[in-house]
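Here is what each chain is made of, one letter per residue.
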Amino acid sequence: MSAIETEEFKERLLGERQRLQETIENLHQEHPGSLEDETQELSLQDNHLGDVATATFDRELDEGLEEGIERRLEQIEKALGRIEGGTYGVCEMCGRPIKEERLRAVPWATLCIEDQRKQEGG
């Protein structure tokens, strides 16, 4: 892949990294402190189990989202490392180039679509 092409993907990856980091920051601002602090505060206010359950569900949902975002950030960091190392766009299984359409759809992809399907069992 040429330097111009990798620069385009690098910019896309950096933009996605920034967007995801801002999302995590927003999740932290939305729920400062621990779940215990939040549910304890609710239970002291009105002792309504429904409110505590909703707060617990919301927090667990946000934690799940954050875990997914952190995994994606890790994939983005690795992709940026491959750009720097000159191996971006090369399938880690077969060594063939990953098609540009795939990289446009999933810029952190490490496998060509054929090997991705094999890995997923399909």
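Throughout what follows, the structure given in this document is the object of discussion. Note that the structure is a prediction, hence the values are computed from the model and not measured.

Okay, the overall build of the protein next. Along the backbone of the protein there are five helices and zero strands. Along the protein, helices and strands appear, N-terminal first, in the series α-α-α-α-α. Put simply, the protein has 122 residues, and 29% of those count as buried. Partitioning the contacts of the protein with sequence separation of at least 6, the portion at a separation of at least 24 is 56%. Summing over all exposed atoms, the protein offers an accessible surface of approximately 8200 Å²; the carbon and sulfur share of this is 50%.

Here we take up the side chain of R102. Inspection of the secondary structure puts R102 in helix α4 (residues 100–105). Within the buried core, R102 has no salt-bridge partner, and the shortest N-O distance to an opposite charge, that of E120, equals 6.6 Å. A distance of 3.3 Å separates polar atoms of two side chains, one belonging to R102 and the other to Q116. The contact partners of R102, leaving out residues within four places of it in the chain, are A109, L111, C112, I113 and Q116.

Let us now look at the nonpolar core. Counting 19 residues, the largest nonpolar core has L13, I69, I76, Y88 and L103 as its most contacted members. Elements with a contribution of two residues or more to this core: α1 (3–30) and α3 (49–85).

Here we come to the environment of E84. With respect to the element layout, E84 can be found in helix α3. Residue E84 is classed as exposed on the basis of its relative accessible area, which comes to 58%. As a C-alpha pair, E84 and K10 span 74 residues in sequence and 9.4 Å in three-dimensional space.

Each value, and the rule that gives it
- Residues numbered from 1 in each chain as written.
- Predicted model: local features only at pLDDT ≥ 70, side-chain atom pairs only at ≥ 80, totals over all residues.
- Heavy atoms only, no water.
- Helix = DSSP H or I, 4+ residues; strand = E, 2+ residues; numbered from the N terminus.
- Buried < 20%, exposed > 50% of the residue type's maximum accessible area, 1.4 Å probe, protein only.
- Contact = heavy atoms within 4.5 Å.
- Areas by Shrake-Rupley, 256 points an atom, 1.4 Å probe, with all protein chains shown as cover.
- Lys, Arg positive; Asp, Glu negative; His and termini not counted.
- Salt bridge = Lys/Arg side-chain N within 4 Å of Asp/Glu carboxyl O.
- Polar contact = N/O pair within 3.5 Å; in protein donor to acceptor, adjacent residues only side chain to side chain.
- Core = buried A, V, L, I, M, F, W, Y, C linked by side-chain atoms within 4.5 Å.

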